[in-house]
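# Architecture and fold: a report
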Amino acid sequence: RQVTHWLEFQPTAARVDVLGELAPCLPVELLPEALTAARSLEDRERRARVLGMLAPRLPVELGAEVLAEALTTAKAIEELRENPEETNAILHVTC
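Below, the structure is looked at part by part. (Residues numbered from 1 in each chain as written. Predicted model: local features only at pLDDT ≥ 70, side-chain atom pairs only at ≥ 80, totals over all residues. Heavy atoms only, no water.)

### Brief notes about the overall build of the protein
Of regular secondary structure, the protein possesses six helices and zero strands. By element, 58% of the accessible surface of the protein is carried by carbon and sulfur atoms, the whole surface being about 6,100 Å². (Helix = DSSP H or I, 4+ residues; strand = E, 2+ residues; numbered from the N terminus. Areas by Shrake-Rupley, 256 points an atom, 1.4 Å probe, with all protein chains shown as cover.)

### A word on helix 5 (residues 60-82)
The terminal C-alpha atoms of helix 5, which comprises 23 residues, lie 33 Å apart, in line with the 33 Å expected from a rise of 1.5 Å per residue. Regarding helix 5, the residues found buried are G63, V66, A70, T73, A76 and I77. (Expected span 1.5 Å × (residues − 1). Buried < 20%, exposed > 50% of the residue type's maximum accessible area, 1.4 Å probe, protein only.)

### Considerations on the nonpolar core
Counting 18 residues, the largest nonpolar core has L19, A38, V50, L51, L54 and V66 as the members making the most contacts within it. Secondary structure elements with two or more residues in this core: helix 2 (12-22), helix 3 (31-39), helix 4 (44-54) and helix 5. If one sorts the elements of this core by residue count, helix 3 sits on top with five residues. The residues contacting A38, other than those within four sequence positions of it, are L19, R47, V50, L51 and L54. (Core = buried A, V, L, I, M, F, W, Y, C linked by side-chain atoms within 4.5 Å. Contact = heavy atoms within 4.5 Å.)

### What about the side chain of T73?
Along the polypeptide, T73 turns up in helix 5. The contact partners of T73, leaving out residues within four places of it in the chain, are R44 and A48.

### Points about the packing of helix 4 against helix 5
In the contact formed by helix 4 and helix 5, the axes pass within 8 Å of each other and the chain directions differ by 150°. With respect to helix 5, the element helix 4 is oriented roughly antiparallel. Note that helix 4 runs across helix 5; the crossing there is left-handed. In contact with R44, E45, A48, L51 and G52 of helix 4, helix 5 contributes V66, L67, E69, A70, T73, A74, I77 and R81. (Axes fitted to C-alpha atoms, helices over the stretch in contact; angles between N-to-C directions. Parallel < 35°, antiparallel > 145°, perpendicular 65-115°, else oblique. Left-handed = near helix turned anticlockwise from the far one by under 90°.)

### Structural notes on helix 3
If you check which residues of helix 3 are buried, you get L31, A34, L35, A37 and A38. End-on view of helix 3: buried residues confined to an arc of 160°, all on one side of the axis. Among the exposed residues of helix 3, those pointing more than 90 degrees away from its buried face are P32 and T36. (Arc of directions from axis to C-beta.)

### Observations regarding the side chain of R47
Mapped onto the fold, R47 is located in helix 4. Although R47 is buried, it forms no salt bridge, and the closest oppositely charged side chain is E69 at an N-O distance of 5.5 Å. Among the polar contacts made by the side chain of R47, one reaches the main-chain carbonyl oxygen of L41 at a distance of 2.9 Å. If near-sequence neighbours (up to four positions away) are discounted, R47 is found in contact with A38, R39, L41 and E42. (Lys, Arg positive; Asp, Glu negative; His and termini not counted. Salt bridge = Lys/Arg side-chain N within 4 Å of Asp/Glu carboxyl O. Polar contact = N/O pair within 3.5 Å; in protein donor to acceptor, adjacent residues only side chain to side chain.)

As structure tokens, then:
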């Protein structure tokens, strides 16, 4: 909990770095907190990256859901870059 509290006050880049480094070695009981922290990242690219790092550590069903969430975000970001006029991509990235 101390790490999660500390992360709340850090810039996004620092939060991503810390979550990414911690993901492989977090105890199972802290994974829900890490997932909440990852989902709260405002930077969509970084959020997708951290979700992708956490997904393999989660229970199978939740891990698949989180991986799908990261993939959907990554695809929407790529689509937005290729077709910035596409509002559908914008909706996926902002939701």
